[in-house]
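Now for the letters of each chain:
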Amino acid sequence: MTSAGSGSSIAALASKLYDACLSNFSSDHLFVQQELLGLDIIPKNDLALLLQCTQSLVDQKLLRLLQKNDRLAWKIIPREDAEKLQNLSPDESLVYNVIHSMGRSGIWVRAIQQRTNLHKSILDRCLKSLEGKNYIKSLHNVKFPSRKMYMLAGLAPSEDVTGGAWFTDGVLDENFIGVVSGFLEFTVARKSWYEVSAGDKSRAKRLKAADGTKKETGAGSKEKEYLPYPAGYSGYPTVAALTAAVNSSGITPVRLGEESVTQLLEMLCYDNKLVALNNGEVYKSIKNPEQVKARQQSQARKTDEETAADNDRLVSNGMTEVPCGHCPVFNLCVPGGAVSPENCEYFETWIHEKGPLSF
């Protein structure tokens, strides 16, 4: 067979080449000419014949022509995806390929327009047609909630797009985070402290309260006493163990991964509720199980008004109350300047509405 072979012989050879590619390359592999010739499908390594076969497969939408290090390269397209592309118009195929190239990250509508150079009305028509055929779907990116983005219908968005398990429909699920983080803290506390037996008189006599006075823990004591495990203790829970505990607890409707659980553990460390040991391999609790349980029950009994009042006390201070604290031109404000305290319209309004701060 030569490069001037008949169309039917080229089609048959192209089909063999495609099957060989499926058997020897992964679906995301970009293969170059030498790799295709190395499959021993093209007689005498005829480069012109190889290009005819690859062009035939590109025309059938079975291969996608790309560039790899300034060289021609090809990527396999599954037959089911090829059938979709064969039924699309040139403009729709162009839009589909751009969306396909972004994988699970999705792509912004404006970026699609820039890469395809299609008029907005044509692009809108293509997107509507592709979405109607269930080839693509729209999604919301938690980092850019105002942007309309698209990705292939059969793919699940990456966590960078959805925000991971802690977001529901693009909104941070604070209640869910509170439930899981509370469970994690209590679970770690149970593995970080051990209960002192009521009958252990010698141990009980050594316990002291926060003010330095001795605390008795005998048979008549109602309050449980705990001690932290000594140095060198190796039973602190790992991320893998905590992830398994959360998933088996029934408190989450979705299965969480170790990455999501690690995010909550780090948050609890920032809140001074847990301490990471061995570079984050294991965790221990600062408070014992009874203290953790008591605080969580106290927080659960708080009304919305009490919670709002606590938040106000946390965020309100002199610098956040006066206009200077959030003034957009604070760095330009100088006495006698174009922007100055003397002509500040915000100060005048604040003094009349709020009154001066009392120090």
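Our subject is the structure that appears above.
From a predicted model like this one, the values you see are computed outputs, not experimental measurements.

Asker: I keep staring at helix α11 (residues 239–249) and nothing clicks. Help me out?
Answerer: Three- or four-residue spacings in an α-helix give side chains the same orientation, since the helix completes a turn every 3.6 residues. Residues of α11 that are buried: V239, L242, T243, V246 and N247. Along the axis of α11, the buried residues cluster in a sector spanning 130°; they form a single face. Packed against the buried residues of α11 are α9 (174–192), α12 (258–270) and β12 (282–285). Positive backbone phi, approximately 85°, marks G250, located one or two places after α11.

Asker: Would you mind showing me how to read the sheet that holds strand β6 (residues 144–152) here?
Answerer: Reading across from one edge, β4-β6-β5 is the order of the three strands in this open sheet, with antiparallel pairing throughout. Here the strands that pair on one side only, and so sit at the sheet edges, are β4 (107–108) and β5 (136–141). Strand direction decides the pairing type here: β5 and β6, joined by six bridges, are antiparallel. Looking across to β6, one finds that K137 is bridged to M151. Sheet strands in contact with helix α5 (residues 90–101) are β4, β5 and β6, and its direction is about 105° off that of β6.

Asker: Is there a simple way to explain the sheet that holds strand β3 (residues 71–76) in this structure?
Answerer: In a beta sheet, neighbouring strands pair by backbone hydrogen bonds and run either parallel or antiparallel. Ordered by their spatial adjacency, three strands build an open sheet running β1-β3-β2, and the pairing between neighbours is antiparallel. One side of each edge strand has no neighbouring strand; the edge strands of this open sheet are β1 (30–31) and β2 (63–68). By the bridge criterion, six bridges tie β2 to β3 in an arrangement that is antiparallel. Directly across from Q67, in β3, lies its bridge partner L72.

Asker: Would you mind showing me how to read the pairing of β3 here?
Answerer: Where β1 meets β3, two bridges bridge the pair, whose relative direction is antiparallel. Bridging from a neighbouring strand, F31 pairs with W74 of β3. Remark: two residues form the turn of the hairpin made by β2 and β3, two consecutive strands paired antiparallel; N69 in that turn has positive phi of roughly 55°.

Asker: Looking at this model, I keep getting lost on the side chain of T243. Mind explaining?
Answerer: Residue position: T243 is located in helix α11. Each residue touching T243, except ones within four places of it in the same chain, is listed here: L256, G257, E258 and V261.

Asker: Explain the pattern of salt bridges here, please?
Answerer: When the charged atoms of two side chains with opposite charge come close together, those side chains can pair. Going through the model one piece at a time under the given rule, you end up with four salt bridges. Here E92 and K133 are joined by a salt bridge, their closest N and O atoms 3.6 Å apart. Here E92 is found in helix α5, whereas its partner K133 is found in the loop between α7 (120–132) and β5, with 41 residues between them in sequence. When its relative accessible area of 36% is taken as the criterion, K133 is described as partly exposed. A salt bridge links R295 to E185; the nearest nitrogen and oxygen atoms lie 2.5 Å apart. On the criterion of sequence distance, the pair formed by R295 in helix α13 (residues 289–301) and E185 in helix α9 is long-range, its members being 110 residues apart.

Asker: What should I look at first to understand unusual backbone geometry in this one?
Answerer: Glycine aside, residues mostly have negative phi, and peptide bonds are mostly found in the trans state. One non-glycine residue, N134, adopts positive backbone phi at about 65°. In this structure, N134 sits in the loop between α7 and β5. Despite not being glycine, N278 has its phi angle at roughly 55°, a positive value. For N278, the position within the fold is in the loop between β11 (274–277) and β12.

Rules used throughout
- For every chain, the first residue of the written sequence is number 1, and numbering continues from 1 onward in sequence order.
- For this predicted model, a pLDDT threshold of at least 70 governs which residues receive local features, and a threshold of 80 or more governs which side-chain atom pairs are given and counted, while totals over whole chains, interfaces and linings are taken from all residues.
- Excluding hydrogens and water, the side-chain figures rest on all heavy atoms present in the structure.
- Only protein chains enter the area calculation, which uses a 1.4 Å probe; residues under 20% of their type maximum are buried, those over 50% are exposed, and those in between are partly exposed.
- In this description a helix means any DSSP run of H or I spanning at least four residues, a strand means any run of E spanning at least two, and both kinds are numbered starting from the N terminus.
- By arc we mean the arc of the directions from the helix axis to the C-beta atoms, nothing more.
- Two residues form a contact once any of their heavy atoms are found within 4.5 Å.
- Strands are labelled as partners when DSSP assigns at least two bridges between them.
- In this description, a line fitted to the C-alpha atoms serves as the axis of each element, helices being fitted only across the stretch in contact, and the angle between N-to-C directions of two axes falls anywhere from 0 to 180 degrees.
- When a carboxyl oxygen of Asp or Glu is within 4 Å of a side-chain nitrogen of Lys or Arg, the pair counts as a salt bridge.

Just distances and angles here, no functional claims.
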